[in-house]
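Examination of the molecular architecture
One-letter residues, chain by chain:
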Amino acid sequence: MAAVTHPTPARDPHFGEQGGLLTYSDYLRLADLLAAQVPESDPASHDELLFITIHQVYELWFKLLLSELTDARDRMLDGETYLPRVRLERCHVVERVLVGQVDVIDTMTPQDFLAFRTKLAPASGFQSAQFREIEFLSGLKDPGYLRRFRGLPDAERERLERRLAEPSLWDGFLAVLGGAGFDVSEAEARFSAYATIAADRERFGPLWDLAEALVAHDQAFSLWRARHVLMAERQIGTKPGTGGSAGGAYLRSRVETRFYPELWELRSRL
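Because the structure is predicted, anything quoted here is derived from the model rather than measured.

Let's talk about the overall build of the protein chain
Along the protein chain, the regular secondary structure elements total 13 helices and zero strands. Reading the protein chain from its N end, one meets helices and strands in the order α-α-α-α-α-α-α-α-α-α-α-α-α. Residue burial in the protein chain is summarised as follows: out of 270 residues, 40% are buried. The contacts in the protein chain between residues at least 6 apart in sequence include a share of 72% that link residues at least 24 apart. Taken as a whole, the protein chain presents about 15,700 Å² of accessible surface, with 56% of it coming from carbon and sulfur.

As structure tokens, then:
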């Protein structure tokens, strides 16, 4: 009688063993990421690593914000209200992180900043293309930015020109209102729509919540600007910026900037 053989039970692989080709470091491109902090001062000033790191981290957050805000805009243009608000709520959390990160750079004294500040010129945060993309996408479009900075790399200039030409989050919001049957052709018609929505949140809750999410996004950037002013004044006082701007005076002039002035004015009309 032939012996009965039983197949060896297959061992259930642990998660990650199936391929074995991708590591944590590879997935996050850590070799490239951690090699990107290159001080300009020689010998390197101690706090220059802090300065480079914090600004690179800001740019990573800006990249994520652009992804979330773009998706929110696109979905509003398609008439959606729920997922745009979800995307904006994620942005609100990131924006609170942006404000909180200023505390890290505030640990640097003016003397320590002066040890390498001259190496930065004419580089300046004012030249951050991603920050301007966020402003343009949010509805604060300034074609003059491109005229003032002729030395922008071609890829950055093309991105900014595209953001200037494409619809903004505000355009997306008006598309949602128009799809709900409201007249958005003129300012007074829009204020009438806002008043109707505000007076009947039971019926128009999704529209009200979406408008409030836009206001929260606007407020978060105003708070970031205000916090940035105080940081700059603490570091350099009234000195001009490394990029040639008026420094703290310029930053302070931007604190009152609003993406959605009509939604702010609504408060005065309620």
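Structure's up, so let's keep going.
Regarding the side chain of histidine 217
Within the secondary structure layout, histidine 217 lies in helix 11 (residues 201-236). Overall, the relative accessible area of 0% leaves histidine 217 in the buried class.

Description of unusual backbone geometry
With the exception of glycine, the majority of residues adopt a negative phi angle, and the majority of peptide bonds are in the trans configuration. The peptide bond linking aspartate 42 to proline 43 adopts the cis configuration, its omega dihedral lying at 0°. Checked against the element boundaries, proline 43 lands in the loop between helix 2 (30-34) and helix 3 (48-77). In this model, arginine 29 sits at a positive phi of 50°, which is unusual for a non-glycine residue. Along the chain, arginine 29 turns up in the loop between helix 1 (24-27) and helix 2. For arginine 29, a relative accessible area of 54% corresponds to the exposed category.

Points about the packing of aromatic side chains
In the structure shown here, the tally under the stated rule is 14 aromatic pairs. An aromatic cluster is built from Tyr58, Phe62, Phe131, Trp170, Phe173, Phe221, Trp224, Phe259 and Tyr260, whose rings are joined through pairwise contacts. A cation over an aromatic ring shows up here: arginine 258 above the ring of tryptophan 264, its NZ or CZ 5.1 Å from the ring centre. The lysine or arginine in question, arginine 269, covers the ring of phenylalanine 191, its NZ or CZ lying 3.7 Å from the ring centre.

So, the packing of helix 3 against helix 9 (residues 169-179)
Orientation of helix 3 relative to helix 9, taken along the N-to-C sense of each, is 25°, at an axis distance of 7 Å. It follows that helix 3 is roughly parallel to helix 9 by the angle criterion. Crossing of helix 3 over helix 9 shows left-handed handedness. Here Leu69, Ala72, Arg73, Met76 and Leu77 of helix 3 lie close against helix 9, whose contacting residues are Leu169, Asp171, Gly172, Phe173, Ala175 and Val176. Grouping the amino acids of the contact of helix 3 with helix 9 by side-chain chemistry returns eight nonpolar, one polar and two charged.

Here we look at the environment of phenylalanine 116
Here phenylalanine 116 lies in the loop between helix 5 (110-114) and helix 6 (129-138). Distance from phenylalanine 116 to aspartate 42, taken between C-alpha atoms, is 9.2 Å for residues 74 residues apart in sequence.

What to know about helix 10 (residues 187-199)
Taking 1.5 Å per residue as the helical rise, helix 10 with its 13 residues ought to reach 18 Å, and the 18 Å between its terminal C-alpha atoms agrees with that figure. Here helix 10 has its buried residues at Arg190, Phe191, Ala193, Tyr194, Ile197 and Ala198. One face of helix 10 carries all of its buried residues, which in axial projection span an arc of 155°. Among the exposed residues of helix 10, those pointing more than 90 degrees away from its buried face are Glu188 and Ala199. In the core, the buried residues of helix 10 are packed alongside helix 9, helix 11 and helix 13 (261-269).

Overview of helix 4 (residues 82-105)
Here helix 4 contains 24 residues, and its C-alpha end-to-end distance of 36 Å stays within 8% of the 34 Å for a straight helix at 1.5 Å per residue. Buried within helix 4 are the following residues: Pro84, Arg87, Leu88, Cys91, His92, Val94, Glu95, Leu98, Gln101, Val102 and Ile105. Tucked inside the fold, the buried residues of helix 4 contact helix 3 and helix 11.

So, the pattern of salt bridges
For the structure shown, the criterion picks out 20 salt bridges. Of the charged contacts, one joins arginine 90 and glutamate 68 as a salt bridge, the two residues approaching to 3.0 Å between their closest N and O atoms. In this pair, arginine 90 is assigned in helix 4 and glutamate 68 in helix 3, connecting sequence segments 22 residues apart. For glutamate 68, a relative accessible area of 8% corresponds to the buried category. Ionic pairing is found between arginine 163 and glutamate 133, a salt bridge with its closest N-O pair at 2.9 Å. One end of the pair, arginine 163, is in helix 8 (residues 154-165); the other, glutamate 133, is in helix 6, with 30 residues separating them in the sequence. Of the two residues examined, arginine 163 and glutamate 133, each falls in the buried class.

Thresholds, definitions, all that
Residues numbered from 1 in each chain as written. Predicted model: local features only at pLDDT ≥ 70, side-chain atom pairs only at ≥ 80, totals over all residues. Heavy atoms only, no water. Helix = DSSP H or I, 4+ residues; strand = E, 2+ residues; numbered from the N terminus. Buried < 20%, exposed > 50% of the residue type's maximum accessible area, 1.4 Å probe, protein only. Contact = heavy atoms within 4.5 Å. Areas by Shrake-Rupley, 256 points an atom, 1.4 Å probe, with all protein chains shown as cover. Phe/Tyr/Trp six-rings, centres within 6.5 Å; stacked < 30°, edge-to-face > 60°. Lys NZ or Arg CZ within 6 Å of the ring centre and 35° of its normal. Axes fitted to C-alpha atoms, helices over the stretch in contact; angles between N-to-C directions. Parallel < 35°, antiparallel > 145°, perpendicular 65-115°, else oblique. Left-handed = near helix turned anticlockwise from the far one by under 90°. Nonpolar A, V, L, I, M, F, W, Y, C, P; charged D, E, K, R; others polar. Expected span 1.5 Å × (residues − 1). Arc of directions from axis to C-beta. Salt bridge = Lys/Arg side-chain N within 4 Å of Asp/Glu carboxyl O.

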